[in-house]
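Each chain is listed here by its residues.
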Amino acid sequence: MDIRLLVGSLLAYTYNGWLGRIPFRSIRLAFLRVYLGAIGRGSGVQMGCRFLNGRKVHFGERNVINFNCMFDGRHHEIRTGSDVSIGADASILTLGHDPQDPEFGLRGGPVTIGDRVWIGYRAMILPGVSIGEGAVVAAGAVVSRDIDPYTIVAGVPAVKVGVRTTDLKYELNYRPLLV
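Quick notes on the rules
Residues numbered from 1 in each chain as written. Predicted model: local features only at pLDDT ≥ 70, side-chain atom pairs only at ≥ 80, totals over all residues. Heavy atoms only, no water. 1 Å grid on protein atoms, 1.4 Å probe; cavity = no way out; pocket = protein on both sides within 12 Å on 5 of 7 lines; lining within 4 Å. Points joined across faces, edges and corners; volume = space filled by probe spheres on them. Helix = DSSP H or I, 4+ residues; strand = E, 2+ residues; numbered from the N terminus. Nonpolar A, V, L, I, M, F, W, Y, C, P; charged D, E, K, R; others polar. Pairing = 2+ DSSP bridges. Patch = residues over 30% accessible without salt bridge, like charges linked within 9 Å, V, L, I, M, F, W, Y side chains within 5 Å. Areas by Shrake-Rupley, 256 points an atom, 1.4 Å probe, with all protein chains shown as cover. Salt bridge = Lys/Arg side-chain N within 4 Å of Asp/Glu carboxyl O. Buried < 20%, exposed > 50% of the residue type's maximum accessible area, 1.4 Å probe, protein only. Expected span 1.5 Å × (residues − 1). Arc of directions from axis to C-beta.

Visitor: Which parts of the structure should I look at to understand empty space enclosed by the protein?
Guide: Leftover empty space is mapped by rolling, across the atoms, a probe with the size of a water molecule. Evaluated as defined, the whole model comprises 1 cavity of 30 Å³ or more. Mapped onto the lining of the largest cavity, the elements with two or more residues apiece are strand S2 (44–45) and strand S5 (64–65). When grouped by side-chain class, the residues that make up the lining of the largest cavity number 6 nonpolar, 2 polar and 1 charged.

See the structure below:
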């Protein structure tokens, strides 16, 4: 048995099954600083989030990761920029199956999310997608293709529904004690 796989599985079980449900942000962050590939200054992960291979998940500075999100870093990386807000129950996937493969083979790719991206409640980002700076993914949208900077997308599959202003200056600063 591969020792790295065993250790990774134990770390995932520890966080996903136990620590991720502790209502103290500081305890979860202390573990995530060791478990994740990176978690930038000022970023926070709320309760109930799940990670499949946290070593391949890299959060930039001042990210707000809301309740019950799922990050699939099993084979490919997930990277976010700064000031990214990810709504509750969102899923970011890097691996799936090829429906045309007679052997049901794996297919996937890394996910890259630019600065000041806003991902809505229960959105799903599929493998191999890049989301440009300042883009908005509406609640419940399923993103299967790259999104240009400052584009607003919605629907299943996600399509362009608008354009966001390009003069964004905000920095996220959400650090509750008990979530």
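Next, the rest of the story.
Visitor: Whenever I open this one, the pairing of strand S19 (residues 159–163) confuses me. Can you help?
Guide: Within a regular strand, side chains alternate between the sheet's two faces. Sheet topology places strand S18 (residues 151–154) next to S19; 4 bridges connect them, and they run antiparallel. Within S19, the residue paired with Ala154 across the bridge is Val159. Remark: 4 residues form the turn of the hairpin made by S18 and S19, two consecutive strands paired antiparallel; Gly155 in that turn has positive phi of roughly 100 degrees.

Visitor: Could you clarify how one ought to interpret a nonpolar patch on the surface in this entry?
Guide: A grouping of Met1, Ile3, Leu6, Val7 and Leu10 is seen on the molecular surface, where their side chains present a nonpolar patch of about 540 Å² in accessible area. With respect to the helices and strands, the residue Ile3 is situated in helix H1 (residues 3–17). Judged by relative accessible area, Ile3 falls into the exposed class, the value being 56%.

Visitor: How should I be thinking about H1 in this particular structure?
Guide: Helical geometry: 3.6 residues make up each α-helical turn, so side chains three or four residues apart lie on a common side. In a regular helix each residue adds 1.5 Å, so 15 residues correspond to 21 Å; H1 covers 21 Å between its end C-alpha atoms and thus fits that length. Here H1 has its buried residues at Ala12, Tyr15 and Asn16. Axial view of H1: buried residues confined to an arc of 90 degrees, hence all on one face. Across H1 from its buried face, at more than 90 degrees, point the exposed residues Ile3 and Tyr13.

Visitor: Looking at this structure, I do not really get the layout of surface pockets. What am I missing?
Guide: The volume enclosed by the largest pocket comes to roughly 410 Å³. What lines the largest pocket is a set of 15 residues, and nearest its centre among them are Arg4, Leu5, Gly8, Asn53 and Arg55. Considering only residue class, the lining of the largest pocket consists of 5 nonpolar, 5 polar and 5 charged. A volume near 180 Å³ is recorded for the second largest pocket. Forming the boundary of the second largest pocket are Leu93, Leu95, Gly96, His97, Arg107, Leu126, Pro127, Val129 and Ser144. No other element matches the 3 residues that strand S10 (residues 95–97) contributes to the lining of the second largest pocket. Classifying every residue of the lining of the second largest pocket gives 5 nonpolar, 3 polar and 1 charged.

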